[in-house]
Amino acid sequence: LQSLPPMQFANKYFEMFPEDEDPIWQNPCDDERHLAIWSKNKTCNRLPRFLVIGPQKTGTTALYTFLAMHPAILSNYQSKTTFEEVQFFNGNNYYKGLDWYMEFFPLPPNTTSNFLFEKSANYFDSELAPMRAYALLPQAKLICIIIHPAKRAYSWYQHMRAHGDQTAMTYTFYEVVTAGQDAPRNLQELRERCLKPGLYSTHLERWLEFYKPKQLMILDGEALKGDPVSLMSKVEKFIHIEPRFDYNQSLRYNPKKGFYCQLVQGDRTKCLGRSKGRVYPPMELKAEKFLKLFYRRHLVALSKLLLRLGTTPIPDWLQEELSEFL
Ligand code: A3P
């Protein structure tokens, strides 16, 4: 039996097993061998108990904000580099390692009654995020929010325009969603990014390859807009948090914003920033018609999935859409 100094040993190992170069982080405290080499100064308590996985433009920021109002729920610190989200499991941040990820979380004052969570809306449609998240957080609960995928796509397009994206500024929404094989590459890419997250059932099935159905909650983004108090109560029940927070006393509808906002002092409300709840013209009818057809079979698949998972009630917009098909 031969041994080598650690660096040489590692180099030799990766020479022999190059496929292992891509790390998969697991919880060091779940394995005695890992725990044995885990620094005494470190903890495994700075990991989320639940994740809000997205997708983008469905109300994830409102949900994040309302969750963080709960005194026993502690959110991740915000990242300056990735649009305030941690975005660990979906991209190259994953290679920054576990310590990097854990730095985004406060040390919970009470590890049993405090709930850490993280929201990164791009996790939802990422190919790798479900496997990576499960490797590190197999017990975690997952929350996703869905609205009509055509509405989501349009909100995302408006978001890209608001950020000055050249392709979104150049082409109309209809041109984006109908771009074909001959369209310029940038337009095809924008179309893909616009439409793909809305293939809800495909992405959800990927998460369900790893997580059990009871670990997943699918929320209706329209219910979050219309009746956030009831919705937050369902979320509290799902994550099993006690005591419950009185959202009825903390959220008020702000007619000027057109959304529920956080009640701060007396009758004053603090709403989400201007980038949430934007004002833009309604979607062109021809784009709406095109997307109805585009998403049809995906919405049928979604309704079957919701039925299988026992998710009730089925969102009104989905019911309406299905009744039109039949
Ligand atoms: P629009 O700006 O297109 O209206 P996300 O936070 O996932 O990016 O989603 C943004 C969307 O959240 C907004 O899209 C808005 O419709 C929706 N939303 C839901 N509840 C909201 C709230 N209380 N305040 C602001 N926006 C809210």
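Residues numbered from 1 in each chain as written. Predicted model: local features only at pLDDT ≥ 70, side-chain atom pairs only at ≥ 80, totals over all residues. Heavy atoms only, no water.

Engineer: Would you mind showing me how to read the site of the ligand here?
Structural biologist: Among the 17 residues in the neighbourhood of the ligand, the closest are listed as Thr60, Thr61, Ser155, Gly277 and Tyr280. At 2.9 Å from a nitrogen atom of the ligand is found a main-chain nitrogen or oxygen belonging to Tyr260. Within the backbone of Arg278, an N or O atom sits 2.9 Å from an oxygen atom of the ligand. Relative to its free-state accessible area of 570 Å², the ligand is covered by the protein chains to the extent of 95%. (Near = heavy atom within 4 Å. Polar contact = N/O pair within 3.5 Å; in protein donor to acceptor, adjacent residues only side chain to side chain. Areas by Shrake-Rupley, 256 points an atom, 1.4 Å probe, with all protein chains shown as cover.)

Engineer: I would appreciate a short explanation of the UniProt feature "active site" (unreviewed entry) in the protein in the present structure.
Structural biologist: Residues annotated by UniProt as "active site" (unreviewed entry) correspond here to Lys57. Judged by its relative accessible area of 15%, Lys57 falls in the buried class. When sequence neighbours within four positions are dropped, the list of residues in contact with Lys57 reads Ile147, Arg152, Ser155, Trp156, His159, Ser275, Lys276 and Arg278. (UniProt positions renumbered as here; feature names shortened; annotations may be inferred. Buried < 20%, exposed > 50% of the residue type's maximum accessible area, 1.4 Å probe, protein only. Contact = heavy atoms within 4.5 Å.)

Engineer: In this structure, what is going on with the state of the cysteines? I would like to understand it.
Structural biologist: Note: disulfide means a covalent bond formed between the sulfur atoms of two cysteine side chains. A full pass over the atoms with the stated rule returns 2 disulfides. Put simply, Cys29 and Cys44 are joined by a disulfide, and their sulfur atoms are 1.8 Å apart. Disulfide Cys29-Cys44: the torsion about the S-S bond is 75 degrees, which places it as right-handed. Here Cys29, found in the loop between helix 1 (6-16) and helix 2 (32-37), pairs with Cys44, found in the loop between helix 2 and strand 1 (50-54); they are 15 residues apart in sequence, far enough to count as distant. When its relative accessible area of 33% is taken as the criterion, Cys29 is described as partly exposed. You can see Cys144 has no disulfide; the closest cysteine sulfur is in Cys194, sitting 19 Å from it. For Cys144, a relative accessible area of 0% gives the class buried. (Disulfide = S-S within 2.5 Å. Helix = DSSP H or I, 4+ residues; strand = E, 2+ residues; numbered from the N terminus.)

Engineer: Help me understand the UniProt feature "binding site: 3'-phosphoadenylyl sulfate" (unreviewed entry) in the protein in this model?
Structural biologist: UniProt marks Ser155, Tyr260, Lys276, Gly277, Arg278, Val279 and Tyr280 with the feature "binding site: 3'-phosphoadenylyl sulfate" (unreviewed entry), using the numbering shown here. Along the polypeptide, Ser155 turns up in helix 6 (residues 149-162). What Ser155 contacts, discounting residues up to four positions off in sequence, is Lys57 and Tyr280. Along the chain, the position of Gly277 falls in the loop between strand 8 (269-270) and helix 13 (285-309). By relative accessible area, which is 34% here, Gly277 ends up partly exposed.

Engineer: Please clarify how the nonpolar core should be interpreted in this entry.
Structural biologist: For soluble globular proteins, nonpolar side chains are generally found buried alongside one another. Residues Phe89, Tyr101, Leu137, Phe173, Leu204 and Leu302 are the most contacted members of the largest nonpolar core, which totals 63 residues. Ranked by the residues each element gives to this core, the list is headed by helix 13, at 7 residues. In contact with Phe173, not counting residues within four places along its chain, are Ala150, Ala153, Tyr154, Tyr157, Cys194, Met283, Ala287 and Leu291. Judged by nonpolar contacts, the second largest core, of 25 residues, contains Ala72, Ile73, Phe115 and Phe238. (Core = buried A, V, L, I, M, F, W, Y, C linked by side-chain atoms within 4.5 Å.)

Engineer: Just to check I follow, could you spell out unusual backbone geometry for this structure?
Structural biologist: In terms of backbone geometry, most residues other than glycine have negative phi values and most peptide bonds are trans. Between Glu242 and the following residue, Pro243, the backbone shows a cis peptide bond with an omega angle of -10 degrees. When you line up the elements, Pro243 lands in the loop between helix 12 (228-239) and strand 6 (251-254). The linkage connecting Thr312 with the following residue, Pro313, adopts the cis geometry, with an omega of -10 degrees. Structurally, Pro313 is set in the loop between helix 13 and helix 14 (316-325). Residue Gln87 is not a glycine yet carries a positive backbone phi of 50 degrees. In this structure, Gln87 sits in the loop between strand 2 (73-75) and helix 4 (97-102). Its identity as a non-glycine residue notwithstanding, His240 has a phi of 60 degrees, on the positive side. Of note, His240 is situated in the loop between helix 12 and strand 6. The exposed category is assigned to His240, whose relative accessible area is 60%.

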